[in-house]
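Letter by letter, the chains look like this.
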Protein chains: 2
Amino acid sequence: MKKVPMYLQIAQSIRQKIDRGEWVIGSKIPTQREIAEQFQVNRSTVITAIDILKSEGLLEGITGSGIYVSNNQWSLLSSSSPPNWKELTQWATQPSSDHIVQLINDSESRKDLIQLSKGELGPDLYPHAEIEKSLIKVTAQLQEFGYGNGLGDKGLREEISRHLLTHGMEIAPENILIVSGALQALKLISIGILKKGSTVFLESPSYLHSINLFRAEDMTLKSILVDRDGLVLDELFQHYIPKHSAALYINPTFHNPSGTTMSTKRRELLIERCQSLRLPVIEDDIFRDLWIDRPPPLSLKTLDKHGQVIYIGSFSKTIAPGLRIGWLAGPETVVKRLSDVRMQTDYGSSYLSQLLVKELLSSGLYEKHLLRVRARLKEKRDFLLHLLNEHFSHDATWDKPAGGFFIRVVLKDKINMHRLFKSCLNHSLLINPGFIYRDFTPSIRLSFAYATEREMEEGIIQLKRNIKNNL
Amino acid sequence: MKKVPMYLQIAQSIRQKIDRGEWVIGSKIPTQREIAEQFQVNRSTVITAIDILKSEGLLEGITGSGIYVSNNQWSLLSSSSPPNWKELTQWATQPSSDHIVQLINDSESRKDLIQLSKGELGPDLYPHAEIEKSLIKVTAQLQEFGYGNGLGDKGLREEISRHLLTHGMEIAPENILIVSGALQALKLISIGILKKGSTVFLESPSYLHSINLFRAEDMTLKSILVDRDGLVLDELFQHYIPKHSAALYINPTFHNPSGTTMSTKRRELLIERCQSLRLPVIEDDIFRDLWIDRPPPLSLKTLDKHGQVIYIGSFSKTIAPGLRIGWLAGPETVVKRLSDVRMQTDYGSSYLSQLLVKELLSSGLYEKHLLRVRARLKEKRDFLLHLLNEHFSHDATWDKPAGGFFIRVVLKDKINMHRLFKSCLNHSLLINPGFIYRDFTPSIRLSFAYATEREMEEGIIQLKRNIKNNL
């Protein structure tokens, strides 16, 4: 454990005083000078601490009078509850990642920025006509709808089962659980099946590092190296794998953030060894439908003959994230268990969203939409590759992804990536620096899915300029 | 702790053998006779244990050959993970409640039953025309939609804020968090704010007992008596209230399951005392819009001047549960904190559902729909009261609810409620026995919202017959 910075120690000390009732609600707190003297720090440190407590709603400033303890029990509970304090300390020991992820999330809704970061289809790829046509049909056929079944709409599960067959996966509707996106699927697995304190192996870099998921359940994340062929198996299997409290999380197809796809040979080997070592596998396969050059290798799930793999899919990347529709597939007992946990969480996904996706699938409009998406993604990927060749051929390396949204660009020169990120943001360009995925080379995840060609061009030129200014 | 029944002990022992690898995956297990001898029990006890393990996917029977250890790592994890085992033991020590709740949930989708249990509007009250009209408008105006803001659609929050004003509540859109139903609101509060091991005070009886919510977070539930005026305050405040690790969960308006509404005077007193004792309050107010005779007293939230109350509302009871749209309102810091937790859970609610509700509210169609709902609920409530008068005036007591869905009928004679419940179910009638809400008088929660008048009549006669046969 690193040392907790002074301003956080002061904030926590004040929090405890309020919590224990030593500083009574509604009362004025000592002056900044007094607190500074007590802790032997600068006033600016005290001001930082007080700002944190104000943002938590514990203190309030009254102009011309001083700082008072707020009369708000929920704020107190909320700030003294363990998850919050834990996050604050995490933030303290790893200020970079969480803070920058927060900033990226907040910036993604800004219309004035060029978004070379955003992992979703751009407005040009939103299926306007298909959704409109489907919604009209859904509206006309809509009957009264109640809480529904724990697994999700049966018709939708049947359509997903049929769709998975086109990828060579034979998964019955009873083995599918509809969820509100891949994140919820992971959340359900983490609270419903894995034990607290489990070890989760994952790729290095991994998208998972940028979300607060398994960390929140006190799990240990162990990063495994990835090369051009995907996860390096020897790296994985040289680790001690604790029996029954470990799992492998893997995104083998059009990997986020590196764009890599695992070869078929390695997939076969991975499944074979995971089976013999009894290491369960969570396969995050949300980009599968978004192949560009040729259909990807068979999923791990297809190669898995013993229910070793829980498979996760989603329509967030292929239709629209706001639908909040994804699914997970696994052995029936596991799916049943997760559906129970799910029913204790939020009683299922929006029926309206489920019907819309079902209609898009059953009408064939989804497949039609995918054809257009793939063609456009090819154009956009090739355009971004062309821009990189033009502007970065001496300064960076990258691989051509065979599908998905992302190109991982690794700069040749060492550069302060925090400074580069902020410098770009100040110049209206949003990029995802590799370190939020625990990629500590000077790398950037660029997305070709969201921005227009014009924005990409402007963005790449802006990026180059900012790199030069920050070397 | 009560003693764990033998069949669960055997199941757990077998689970451990598989878990530790003592019984190898794919191998045949000892015969039932051998196990029975080892544990000195009847074969039927062993069969029960094996059935449990089969249902968990740990064992499989191969006809004519015997019972084998299944080769499935996820099933093993899933069954040996702590929540499952905990539930199993809970089930063992309180077999009645959880088992019956499960049975009720499963039976609620059966079309062949008379549902005097179901806490949702019947097909006759589903707003067909309003939803169709609104969906057509939503479809025509729909633009591309992404992940959206952590708090939920701004326009919807503005509409909810405006709607709450009609109930005298001044709540700014920034203080509202859109959630996927009231259950999710409670879940977010329980994992995001309350501490593990907190004490949650709640009404006796309470709907909360029928869901596995605070229990799952190791919280202690303390039941407080309710009379015709609502929660009995002296009962609450005679308890020791542990500072900063307690909250009051309360459903003061058209209470589920008792139908009671707390008087204004008592509300004022409650808020005053909760404020001075610094006991935070969770006000579950999902039935407010469904008043029948006159608008209900002001909400606790309205009386609360210091952010003591987190307020929960929903459209599940007034429009349709399948929308999965509800909200919570509280101090801005608390709402912000819960919205962060929420974004780490499932990235928000269906945008489509949000737009539909927004349109229903802004067009005035929601208010129009409520007028019809209130008029019909009055007819249906009065009809059920009439049936009770006709058939139960000598055998039971009840109060007339001023709104909501439920009448709590307390039988005068002692009767085995488990047997009555099952007997009714065998005669195609589904009722909610009071004990699932920890109401240990011989009581039944009847809903007049779902069934038609004809079904109610048939149901009440059937109920009377079954009571007679089970006395």
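For clarity, every value in this text was computed on a predicted model and none was experimentally measured. (Residues numbered from 1 in each chain as written. Chains lettered and ligands numbered in written order. Predicted model: local features only at pLDDT ≥ 70, side-chain atom pairs only at ≥ 80, totals over all residues. Heavy atoms only, no water.)

## Comments concerning the sheet that holds strand E9 (residues 281–284) of chain B
Residue and element names in this part refer to chain B.
Right, so step 1: Read from one edge of the open sheet, 8 strands run E4-E11-E10-E9-E8-E5-E6-E7, paired in mixed fashion. Either end of the sheet is taken by a strand with one partner, and the two such strands are strand E4 (176–179) and strand E7 (230–231).
Right, so step 2: Direction of pairing for E4 relative to strand E11 (residues 326–329): antiparallel, over a ladder of 4 bridges. Among the inter-strand pairings, Leu177 is bridged to a residue of E11, identified as Leu328. (Pairing = 2+ DSSP bridges. Helix = DSSP H or I, 4+ residues; strand = E, 2+ residues; numbered from the N terminus.)

## Some points on the packing of aromatic side chains
Right, so step 1: Taken as a whole and assessed by the stated rule, the structure comprises 14 aromatic pairs over all chains.
Right, so step 2: When the centroid spacing of 5.7 Å and the interplanar angle of 70° are considered together, the rings of Tyr126 of chain A and Phe145 of chain B count as edge-to-face. Here the residue Tyr126 of chain A occupies a position in the loop between strand E3 (114–115) and helix H7 (128–141), and Phe145 of chain B occupies one in the loop between helix H7 (128–141) and helix H8 (154–165), the pair thus bridging two chains. Each member of the pair Tyr126 of chain A and Phe145 of chain B is classed as buried.
Right, so step 3: Measuring from centroid to centroid gives 5.2 Å for Phe315 of chain B and Trp327 of chain B, while their planes differ by 45°, and the two rings are tilted. With a gap of 12 residues between them, Phe315 of chain B in the loop between strand E10 (309–314) and E11 and Trp327 of chain B in strand E11 connect regions that are remote in the sequence.
Right, so step 4: When its relative accessible area of 1% is taken as the criterion, Phe315 of chain B is described as buried. (Phe/Tyr/Trp six-rings, centres within 6.5 Å; stacked < 30°, edge-to-face > 60°. Buried < 20%, exposed > 50% of the residue type's maximum accessible area, 1.4 Å probe, protein only.)

## With respect to the interface of chain A and chain B
Right, so step 1: Taken residue by residue, the interface counts 87 residues in chain A and 87 residues in chain B.
Right, so step 2: Summing the contributions of chain A and of chain B, the shared interface buries around 7300 Å²; its carbon and sulfur component is 58%.
Right, so step 3: Along the contact surface separating chain A from chain B lie 0 salt bridges.
Right, so step 4: Viewed at the interface, chain B and chain A are joined by 10 residue pairs in polar contact (both at pLDDT 80 or more).
Right, so step 5: Taken together, the residues of the side of chain A that touches chain B break down into 40 nonpolar, 32 polar and 15 charged. (Contact = heavy atoms within 4.5 Å. Buried area = accessible area lost by both parts, 1.4 Å probe. Salt bridge = Lys/Arg side-chain N within 4 Å of Asp/Glu carboxyl O. Polar contact = N/O pair within 3.5 Å; in protein donor to acceptor, adjacent residues only side chain to side chain. Nonpolar A, V, L, I, M, F, W, Y, C, P; charged D, E, K, R; others polar.)

## Overview of the sheet that holds strand E16 (residues 443–447) of chain A
Residue and element names in this part refer to chain A.
Right, so step 1: A sheet is described by the order of its strands in space; here 4 strands give the open sequence E12-E13-E16-E15, paired in antiparallel fashion. Either end of the sheet is taken by a strand with one partner, and the two such strands are strand E12 (396–397) and strand E15 (432–433).
Right, so step 2: Bridge count between strand E13 (residues 406–411) and E16: 5 bridges; the pairing is antiparallel. Each bridged residue has a counterpart across the sheet, and for Arg408 the counterpart in E16 is Arg445.
Right, so step 3: Across the sheet, helix H15 (residues 365–392) is in contact with E12, E13 and E16; its angle to E13 comes to roughly 10°. (Axes fitted to C-alpha atoms, helices over the stretch in contact; angles between N-to-C directions.)

## Some details on the environment of Arg267 of chain B
Residues and elements named next belong to chain B.
Right, so step 1: Along the chain, the position of Arg267 falls in helix H11 (residues 264–277).
Right, so step 2: Note: C-alpha distance between Arg267 and Pro252 (15 residues apart in sequence) is 8.4 Å.
Right, so step 3: Sequence-distant contacts of Arg267, defined by excluding residues within four places in its chain, comprise Pro252, Thr253, Thr261, Met262, Glu283, Arg288, Pro297, Leu298, Ser299, Leu300 and Leu303.

## Let's talk about the environment of Gly152 of chain A
Residues and elements named next belong to chain A.
Right, so step 1: Position of Gly152 relative to the elements: it lies in the loop between H7 and helix H8 (154–165).
Right, so step 2: The spacing of Gly152 and Ile178 is 26 residues in sequence and 5.1 Å in space, taken between C-alpha atoms.
Right, so step 3: Contacts of Gly152, omitting those with residues within four sequence positions, involve Arg157, Ile178 and Gln354.

## Examining the relation of the copies chain A and chain B
Right, so step 1: The transform that puts chain A on chain B rotates by 180° and translates by 0.0 Å along the axis, for an RMSD of 0.1 Å. Put plainly, the chains are arranged around a two-fold axis. When C-alpha positions in chain A are compared against the rotation axis, the closest is assigned to Ser350 of chain A, at 3.1 Å.
Right, so step 2: Counting the interface residues of chain A, we find that 100% of their copies in chain B are interface residues as well, pointing to one common contact surface. (Least-squares fit on C-alpha atoms with pLDDT ≥ 70 in both.)

## Observations concerning helix H14 (residues 351–362) of chain B
Right, so step 1: When the terminal C-alpha atoms of H14 of chain B are compared, their 16 Å separation across 12 residues agrees well with the 16 Å that a helix rising 1.5 Å per residue should span.
Right, so step 2: Buried residues dominate H14 of chain B, accounting for 9 of its 12 residues.
Right, so step 3: Within H14 of chain B the residues assigned to the buried category are Leu352, Ser353, Gln354, Leu355, Leu356, Val357, Glu359, Leu360 and Leu361 of chain B.
Right, so step 4: Those residues of H14 of chain B that are buried lie in contact with H7 and helix H14 (351–362) of chain A together with H7, H8, E4 and helix H15 (365–392) of chain B.
Right, so step 5: Taking the backbone nitrogen of Leu352 of chain B as reference, a side-chain oxygen 3.3 Å away marks Ser350 of chain B as the first, capping residue of H14 of chain B. (Expected span 1.5 Å × (residues − 1).)

## Details of the packing of helix H1 (residues 6–19) of chain B against helix H3 (residues 43–55) of chain B
Residue and element names in this part refer to chain B.
Right, so step 1: Direction vectors running N to C along H1 and H3 enclose 50°, while the axes themselves pass 8 Å from each other. Of the possible angle classes, the one that applies to H1 and H3 is oblique. Here H1 runs over H3; the crossing is right-handed. In this structure, H1 contributes Met6, Tyr7, Leu8, Ile10, Ala11, Ile14 and Arg15 to the contact, and H3 contributes Thr45, Val46, Thr48, Ala49, Ile52 and Leu53.
Right, so step 2: Per-class residue counts for the contact of H1 with H3 are 10 nonpolar, 2 polar and 1 charged. (Parallel < 35°, antiparallel > 145°, perpendicular 65-115°, else oblique. Left-handed = near helix turned anticlockwise from the far one by under 90°.)

## Thoughts on the packing of H7 of chain B against H14 of chain B
Residue and element names in this part refer to chain B.
Right, so step 1: Interaxial distance between H7 and H14 falls to 9 Å at its minimum, and their mutual angle equals 115°. Relative to H14, the crossing made by H7 is right-handed. Here Glu130, Ile131, Ser134, Leu135, Lys137, Val138 and Gln141 of H7 lie close against H14, whose contacting residues are Leu355, Leu356, Glu359 and Leu360.
Right, so step 2: Grouping the amino acids of the contact of H7 with H14 by side-chain chemistry returns 6 nonpolar, 2 polar and 3 charged.

## Overview of the pattern of salt bridges
Here the idea is simple: oppositely charged side chains can pair when their charged atoms come close.
All names here are of chain A.
Right, so step 1: The full count for this structure, using the stated rule, is 40 salt bridges over all chains.
Right, so step 2: With its nearest N and O atoms 3.3 Å apart, the salt bridge here joins Glu359 to Lys137. One end of the pair, Glu359, is in helix H14; the other, Lys137, is in helix H7, with 222 residues separating them in the sequence.
Right, so step 3: Residue class for Glu359 comes out buried when judged on its relative accessible area of 11%.
Right, so step 4: Taking relative accessible area as the criterion, Lys137 reaches 40% and is therefore assigned partly exposed.

## As for the pairing of E13 of chain A
Residue and element names in this part refer to chain A.
Right, so step 1: Counting buried residues along E13, 5 of its 6 residues qualify, which places the element largely inside the surrounding structure.
Right, so step 2: Two strands pair when backbone bridges link them, and E12 and E13 are joined in this way by 2 bridges, in the antiparallel orientation. When the sheet's bridge partners are listed, Ala396 is paired in E13 with Leu411.

## Thoughts on helix H2 (residues 32–39) of chain A
All names here are of chain A.
Right, so step 1: Along H2, the residues classified as buried are Ile35, Ala36 and Phe39. The buried side chains of H2 occupy one side of the element, clustering within an arc of 100° when seen end-on. Counted as exposed and oriented over 90 degrees from the buried face of H2: Arg33, Glu37 and Gln38. (Arc of directions from axis to C-beta.)

## So, the side chain of Arg288 of chain B
Right, so step 1: Structurally, Arg288 of chain B can be placed in the loop between E9 and helix H12 (300–303).
Right, so step 2: From its side chain, Arg288 of chain B meets the backbone oxygen of Pro297 of chain B in a polar contact 2.9 Å long.

## A look at the domain arrangement of chain A
Right, so step 1: What the domain assignment lists for chain A is domain 1 (6–93), domain 2 (96–125 + 368–470) and domain 3 (145–363).
Right, so step 2: Using C-alpha coordinates to define each centre, domain 1 of chain A is positioned 42 Å away from domain 3 of chain A. (Domains from an automatic or database assignment.)

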